[in-house]
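# Analysis of the macromolecular model
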Amino acid sequence: MTDARPAGIASHGQGPFIAAIDQGTTSSRCIVFDRDGRIVSVDQKEHEQIFPRPGWVEHDATEIWANVQEVVAGAIRKAGITRDDIKAIGITNQRETTVLWDRNTGEPVHNAIVWQDTRTDALCKELGRNVGQDRFRRETGLPLASYFAGPKVRWLLDNVEGLRERAEAGDLLFGTMDTWVVWNLTGGPNGGRHVTDVTNASRTLLMNLHTMEWDPRICQSIGVPPQILPEIRSSAEVYGEIRGGRLGELLGGIPVASALGDQQAALFGQTCFSEGEAKSTYGTGTFMVMNTGDRIINSYSGLLTTVGYRIGDDKPVYALEGSIAVTGSLVQWMRDQMGLISTAAEIETLALSVEDNGGAYFVPAFSGLFAPYWRSDARGVIAGLTRYVTKAHLARAVLEATAWQTREIADAMTKDSGVELTALKVDGGMTSNNLLMQTLADFLDAPVVRPMVAETTCLGAAYAAGLAVGFWNSTDDLRANWRRAAEWTPRMDAETRDREYRNWLKAVERTMGWLENEE
Ligand SMILES: Nc1ncnc2c1ncn2[C@@H]1O[C@H](COP(=O)(O)OP(=O)(O)O)[C@@H](O)[C@H]1O
Ligand SMILES: O=P(O)(O)OC[C@H](O)CO
């Protein structure tokens with residue numbers, strides 16, 4: 001790996017800059033980047049997690065928009081720069097989370113329904129019986145699951161009084177968080193642009209992967225009226241300019257020039273521009289995404305076929321994704337619900353106080369199991385318990401759960417794509433855990449590599465926005481910015497790995513079928 005910097009690149013802190021907003025599941029942040037892709041300033045704010053019933057998760061979209069404005073203003077202030085120093089702003093976001101709002105007032109008509117929310121399970125089962133799973137897989141690349149946006153829209157229209165009539169009258173707009181943020185940034189009720197990008201649209205169960213358009217037959221089967229849908233655009237182009245409101249005063253006229261779902265943005269930020277390159281992001285959940293170039297690979301192993309990115313008029317780049325619902329949130333659960341640690345980082349210290357898992361395996365099927373199983377009837381188990389097991393062994397089992405779930409996804413990717421994983425690029429909050437990263441390398445039997453800029457999600461959105469306005473010229477410019485910060489190589493012997501993997505798979509089996517019909 002070379003450490004040489006391309007000639008003519010500004011040193012850290014010199015303008016001009018690109019700003020990126022990451023509207024995430026637990027917080028919104030804004031980061032200002034320089035031309036080397038280095039962080040100049042960051043501002044971040046958490047928002048409330050609303051749990052009205054078991055399995056339901058909501059966010060207040062108004063709170064989120066207020067936080068976005070605050071963190072953008074905060075990042076600009078911390079960087080000590082002005083409007084003229086910023087060439088464009090990009091957006092990346094938690095995907096699938098669904099908001100409906102009134103186009104005239106800009107008021108959301110209900111809390112946003114979050115990607116983790118399982119209220120549409122029964123609806124998805126019914127759609128599967130009536131329409132069949134295969135058609136959805138074939139046209140959208142996705143299994144019918146409560147994870148995706150389309151069924152959440154249908155739920156809102158069916159369950160909130162008067163909404164279907166308002167939607168059919170053209171008074172409502174639908175969006176995932178990219179759409180909500182872009183619409184508000186570009187003027188809201190006063191001419192805001194109602195757009196989404198191909199990566200976010202590919203998570204709705206409503207977009208046809210082959211045409212990159214909303215699929216009218218599928219929209220009709222799910223029960224989503226076309227007039228509420230945003231226009232589907234590429235991931236890197238100017239959608240409009242910042243106008244109106246608090247940010248209009250501060251940054252009016254700045255082009256809003258990218259939108260990518262956060263996992264696709266991380267793929268972009270990790271510069272996985274070649275077919276076969278993959279990254280895995282370790283946050284609340286974990287998402288491994290592999291670039292499959294112009295190939296739409298139908299998964300027979302429980303992965304999602306999705307759009308990786310599309311730059312302007314270029315051909316779309318497709319991807320395979322393995323989504324894991326619970327990884328970092330299991331560490332949070334150990335801290336907040338169990339009280340076994342007081343900070344997330346303590347899980348490592350506790351786990352390092354013992355040699356191994358003491359025979360315990362923890363499968364955190366808290367929202368059922370996502371990839372590669374897609375079983376909403378699964379619930380969490382701790383298997384292999386004896387009186388020997390201590391909280392330190394459980395801490396090990398918690399970390400191992402993340403690594404084994406990744407291994408299962410990696411196996412599925414190799415099966416579906418024919419590409420052997422030679423190294424895995426990682427990022428996200430959990431990658432600060434060295435024991436976890438070593439365990440991952442051991443379980444994958446492949447090197448694990450972390451880049452210098454761990455904020456790859458924002459970086460990807462900044463890169464896409466920068467390409468759209470000519471701040472960077474090509475993806476080669478971006479590749480030159482990627483630098484390795486740390487690498488872990490496998491140390492575990494094959495016999496131990498195989499035995500442990502068998503035990504893990506036995507524990508996974510025991511989670512299945514816990515919920516009975518429609519429970
Ligand atoms: N040292 C650590 N070891 C294990 N997990 C960690 C550690 N630090 C943070 N986490 C977990 O990582 C998650 C936060 O990562 P982040 O990338 O900010 O997530 P997100 O973008 O999904 O909000 C939390 O769920 C937290 O429990
Ligand atoms: O906000 P994150 O990082 O938890 O990501 C959420 C994913 O986009 C859900 O698909």
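This is a predicted model, so every value here is computed, not measured.

### Points about helix α1 (residues 61-79)
Because an α-helix completes one turn every 3.6 residues, residues spaced three or four positions apart along the sequence face the same direction. The terminal C-alpha atoms of α1 lie 27 Å apart, and with 19 residues this matches the ideal 27 Å at 1.5 Å per residue to within 8%. N-capping of α1 is provided by Asp60, with a side-chain oxygen placed 2.9 Å from the backbone N of Thr62. Gly80 lies just past α1 and shows a positive phi near 65°.

### Structural notes on the site of ligand 2
Every residue near ligand 2 is listed here: Gly24, Thr25, Gln94, Arg95, Glu96, Trp115, Tyr147, Asp262, Gln263, Thr284 and Phe287. Thr25 places a side-chain nitrogen or oxygen 2.6 Å from an oxygen atom of ligand 2. Between ligand 2 and Tyr147 there is a distance of 2.7 Å, counted from an oxygen atom to a side-chain nitrogen or oxygen. Relative to its unbound accessible area of 310 Å², ligand 2 is 90% covered by the protein chains. Class assignment of the residues belonging to the shell around ligand 2 gives a composition of 3 nonpolar, 5 polar and 3 charged.

### Things to note about the side chain of Arg154
As for its position among the elements, Arg154 is in helix α4 (residues 149-159). Judged by relative accessible area, which is 17%, Arg154 ranks as buried. In terms of polar contacts, Arg154 uses its side chain to reach the side chain of Asp158, at 2.7 Å.

### Some points on the UniProt feature "domain: Carbohydrate kinase FGGY N-terminal" (unreviewed entry) in the chain
UniProt records the feature "domain: Carbohydrate kinase FGGY N-terminal" (unreviewed entry) for residues 18-269 in the present numbering. A helix fraction of 36% and a strand fraction of 25% characterise residues 18-269, whose end C-alpha atoms lie 14 Å from each other.

### Quick look at the site of ligand 1
Taken together, 16 residues sit near ligand 1, with Thr26, Thr284, Gly328, Gln332 and Gly429 positioned nearest. Taking Gly429, its main chain carries an N or O atom lying 2.8 Å from an oxygen atom of ligand 1. Here ligand 1 has 580 Å² of accessible area as a free molecule, and 80% of this is covered by the chains. Ranked by the residues each element gives to the shell around ligand 1, the list is headed by helix α11 (residues 328-336), at 4 residues.

### Focus on the sheet that holds strand β3 (residues 39-46)
With respect to topology, 6 strands assemble into an open sheet ordered β3-β2-β1-β5-β14-β13, the strand pairing being mixed. Edge positions in the open sheet fall to β3 and β13 (236-241), since each of these has one partner strand only. Within the sheet, the average angular offset between the axes of one strand and its neighbour, ignoring direction, is 25°. Where strand β1 (residues 17-23) and strand β5 (residues 86-93) come together, 7 bridges link them in parallel fashion. Counted as the bridge partner of Gln23 is Asn93 from β5.

### Examining the environment of Pro151
Along the chain, Pro151 turns up in helix α4. Between the C-alpha atom of Pro151 and that of Asp121, which follows or precedes it by 30 residues, the distance is 9.0 Å. Setting aside chain neighbours within four positions, we find Pro151 in contact with Thr120, Leu123, Cys124, Ala145, Thr204, Leu205 and Ile222.

### Quick word on the pairing of strand β8 (residues 172-175)
Side chains Leu172 and Phe174 of β8 all project onto a buried face; the interleaved residues Leu173 and Gly175 project onto the opposite face, where all are buried too. Sheet analysis places strand β6 (residues 99-102) next to β8, joined by 4 bridges and oriented antiparallel. Looking across to β8, one finds that Val99 is bridged to Gly175.

### With respect to helix α17 (residues 494-509)
The first and last C-alpha atoms of α17 sit 23 Å apart over 16 residues, in line with the 22 Å expected at 1.5 Å per residue. Residues of α17 that are buried include every one of Thr496, Arg497, Glu500, Tyr501, Trp504, Ala507 and Val508, and no others. The buried residues of α17 occupy an angular sector of 125° when projected down its axis, which confines them to one face. With respect to the buried face of α17, the exposed residues turned more than 90 degrees away are Glu495, Arg502 and Glu509. Its buried side turned inward, α17 meets β19 (361-363), β20 (381-383), α13 (391-417) and α14 (434-444).

### A short note on the sheet that holds strand β16 (residues 286-293)
Strands sit in the order β17-β18-β16-β15-β21-β22-β23 across an open sheet of 7 strands; the sheet is mixed. The open sheet has two free edges, formed respectively by β17 (304-309) and β23 (484-488), since each of these has just one partner strand. When strand polarity is set aside, the average angle formed by the axes of neighbouring strands in this sheet is 30°. With 5 bridges connecting them, strand β15 (residues 278-282) and β16 associate as antiparallel partners. Bridge pairing links Ser280 to Met288 in β16.

### Structural notes on the pattern of salt bridges
Applying the stated rule across the entire model yields 29 salt bridges. As a salt-bridge pair, Asp36 and Arg38 come within 3.1 Å of each other at their nearest N and O atoms. For Asp36, a relative accessible area of 3% translates into the label buried. Relative accessible area serves as the criterion here: at 28%, Arg38 is assigned to the partly exposed category.

### Some thoughts on the environment of Glu321
Position of Glu321 among the secondary structure elements: in strand β18 (residues 317-324). The class for Glu321 is buried, based on a relative accessible area of 0%. Note: C-alpha distance between Glu321 and Gln263 (58 residues apart in sequence) is 9.0 Å. Residue contacts for Glu321: discarding those within four places in its chain leaves Arg95, Tyr147, Arg203, Gln263, Phe287, Met288, Val289, Leu303, Leu304, Thr306 and Met413.

### Observations concerning the packing of aromatic side chains
All chains considered together, the criterion is met by 19 aromatic pairs. Ring geometry for Trp333 against Phe362: centres 5.7 Å apart, planes inclined by 80°, an arrangement best described as edge-to-face. With Trp333 in helix α11 and Phe362 in strand β19, this pair connects stretches of sequence that are 29 residues apart. Ring centres of Tyr463 and Trp472 lie 5.1 Å apart, and the angle between their planes is 90°; this geometry places the pair in the edge-to-face category. In this structure, Tyr463 and Trp472 share a single accessibility class: buried.

### Overview of the UniProt feature "binding site: ATP" (unreviewed entry) in the chain
Look at the UniProt record and you will see "binding site: ATP" (unreviewed entry) annotated at Thr25, Thr26, Ser27, Thr284, Gly328, Gln332 and Gly429. On the secondary structure map, Gln332 appears in helix α11. By the secondary structure assignment, Gly429 is in the loop between β21 (424-427) and α14.

Reading the values: the criteria
- Residues numbered from 1 in each chain as written.
- Chains lettered and ligands numbered in written order.
- Predicted model: local features only at pLDDT ≥ 70, side-chain atom pairs only at ≥ 80, totals over all residues.
- Heavy atoms only, no water.
- Helix = DSSP H or I, 4+ residues; strand = E, 2+ residues; numbered from the N terminus.
- Expected span 1.5 Å × (residues − 1).
- Polar contact = N/O pair within 3.5 Å; in protein donor to acceptor, adjacent residues only side chain to side chain.
- Near = heavy atom within 4 Å.
- Areas by Shrake-Rupley, 256 points an atom, 1.4 Å probe, with all protein chains shown as cover.
- Nonpolar A, V, L, I, M, F, W, Y, C, P; charged D, E, K, R; others polar.
- Buried < 20%, exposed > 50% of the residue type's maximum accessible area, 1.4 Å probe, protein only.
- UniProt positions renumbered as here; feature names shortened; annotations may be inferred.
- Pairing = 2+ DSSP bridges.
- Axes fitted to C-alpha atoms, helices over the stretch in contact; angles between N-to-C directions.
- Contact = heavy atoms within 4.5 Å.
- Arc of directions from axis to C-beta.
- Salt bridge = Lys/Arg side-chain N within 4 Å of Asp/Glu carboxyl O.
- Phe/Tyr/Trp six-rings, centres within 6.5 Å; stacked < 30°, edge-to-face > 60°.

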